[in-house]
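Given next are the chains, with one letter for each unit.
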Amino acid sequence: MPDDNLNALAAFMVVAKEQNFTRAAKRLGVSQSALSQTVRVLEAQLGLRLLNRTTRRVVPTEAGERLLASVGPQIEDIQRQLMVLSELRDKPAGTIRLTATEYAAESVLWPAVARLVKNYPDIKVEILTDYGLTDIVKDRFDAGVRPGETIAKDMIAIRIGPDMRMAVAGSPEYFSSRSTPLTPQELTEHSCINLRLSGHGGLYAWEFEQDGRELNVRVDGQLVFNTGSMILRAALEGRGLAYLPESQLEPYIVSGKLVRVLEDWCEPYSGYHLYYPGHRQPTPAFSLLVDELRYSTRKQR
């Protein structure tokens, strides 16, 4: 098989991941027509159709899925080893792909990433916000950011933030015609703004704890969002109760724009951690990001 097929396989993997030739071409920095031709040549050489193409999306065939499962990890390992070699360059380079919740990306990741890309112009960083429990190996991320207690035990986890608390709050306008909930069970009588989790698509159950007693409540209301910023905006406009990190709501609680309830039911929990597979050799660029995040953590103390 020609050596060019290594590049073709890498291109096929990006198309299969993005499920779209236009997005894949942008990510690879090539034209859509050139990328399509590369994949077609690979299919012709293998004598197999690897992708099913429709007007809306592109999905791997059975042969394509088997190729991804068998060859994909090896191609990724080769790419990773080549990135590690960039350590020999004067300037670290490469792309770091991260997944985090929206608030974690804004409050924890961004300060570190901003310093990193300013000091190292050859390093690129891609951050995708997601509230689900993303499989970073399957989805080809270098690392993720989630609360420590949600991270799988087989991952390396580095604390990058202090302990956190959640908070329930609504606007004074909302409470002008409604009673204050005194227990989590009373939330079923209120209009609560739900968070839709990506991946499995379920609604996030609000979690409470008091004196060792844990309680999850399935709330209901008129509004459902998949971002914390929209939940916050809706709560500020009196559309319902929000359940978000305390630090995200605190400025509005202090200013009186939001009223906090059920505070004694919101216990501290393990804060944000950066996590990644232990079997991967970190690239120089990724190691620099870890250093920046650790620096941010020291500043918080």
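Anything mentioned here points back to the structure above.
About the criteria used
Residues numbered from 1 in each chain as written. Predicted model: local features only at pLDDT ≥ 70, side-chain atom pairs only at ≥ 80, totals over all residues. Heavy atoms only, no water. Helix = DSSP H or I, 4+ residues; strand = E, 2+ residues; numbered from the N terminus. Buried < 20%, exposed > 50% of the residue type's maximum accessible area, 1.4 Å probe, protein only. Contact = heavy atoms within 4.5 Å. Areas by Shrake-Rupley, 256 points an atom, 1.4 Å probe, with all protein chains shown as cover. Pairing = 2+ DSSP bridges. Axes fitted to C-alpha atoms, helices over the stretch in contact; angles between N-to-C directions. Parallel < 35°, antiparallel > 145°, perpendicular 65-115°, else oblique. Nonpolar A, V, L, I, M, F, W, Y, C, P; charged D, E, K, R; others polar. Core = buried A, V, L, I, M, F, W, Y, C linked by side-chain atoms within 4.5 Å.

(A) Geometry of the overall build of the protein chain. Each helix and strand in the protein chain was counted, giving nine helices and 14 strands. Along the first, second and third principal axes, the C-alpha set of the protein chain runs to 70 × 45 × 35 Å. Burial statistics for the protein chain: of 301 residues in total, 45% are counted as buried. Of the contacts made within the protein chain by residues no fewer than 6 positions apart, 73% connect residues no fewer than 24 positions apart. Summed over all atoms, the accessible surface of the protein chain reaches about 16500 Å², with 50% contributed by carbon and sulfur.

(B) Structural context of the environment of Asp-142. Turning to its location among the elements, Asp-142 is positioned in the loop between strand S4 (123–129) and strand S5 (143–147). Judged by its relative accessible area of 23%, Asp-142 is partly exposed. For the pair Asp-142 and Ile-96, spaced 46 residues apart in the sequence, the C-alpha separation amounts to 6.2 Å.

(C) Looking closely at the sheet that holds S5. What the five strands build is an open sheet, ordered S4-S3-S5-S14-S6; its pairing is mixed. This sheet does not close on itself; its edge strands, each paired only once, are S4 and strand S6 (155–159). Averaged over all pairs of adjacent strands, the angle between their axes in this sheet comes to 25°, without regard to strand direction. Strand direction decides the pairing type here: S5 and strand S14 (residues 272–277), joined by four bridges, are antiparallel. If you follow Gly-144 over to S14, its bridge partner there is Tyr-275. Contacts from helix H5 (residues 102–119) reach strand S3 (94–100), S4, S5 and S14, with the element oriented near 175° to S4.

(D) View of the packing of helix H2 (residues 21–28) against helix H3 (residues 32–46). One can describe the packing of H2 onto H3 by two numbers: an axis separation of 9 Å at closest approach and a directional angle of 100°. With respect to H3, the element H2 is oriented roughly perpendicular. When H2 is examined against H3, the residues Phe-21, Thr-22, Ala-24, Ala-25 and Leu-28 are found in contact with a partner set consisting of Gln-32, Leu-35, Ser-36 and Val-39. When its residues are assigned to classes, the contact of H2 with H3 shows six nonpolar, three polar and no charged.

(E) Expanded view of the environment of Glu-189. With respect to the element layout, Glu-189 can be found in the loop between helix H6 (172–175) and strand S8 (194–195). Note on Glu-189: relative accessible area 63%, which makes it exposed. Along the sequence, Glu-189 and Arg-178 sit eleven residues apart, while their C-alpha atoms lie 9.4 Å from each other.

(F) Representation of the nonpolar core. Counting 44 residues, the largest nonpolar core has Leu-187, Trp-206 and Phe-208 as the members making the most contacts within it. Contacts of Trp-206, omitting those with residues within four sequence positions, involve Val-168, Leu-187, Cys-192, Ile-193, Asn-194, Leu-215, Asn-216, Val-217, Val-219, Leu-241, Ala-242 and Tyr-243. Listed in part, the 21 residues of the second largest apolar core include Phe-12, Leu-35, Leu-50 and Val-58.

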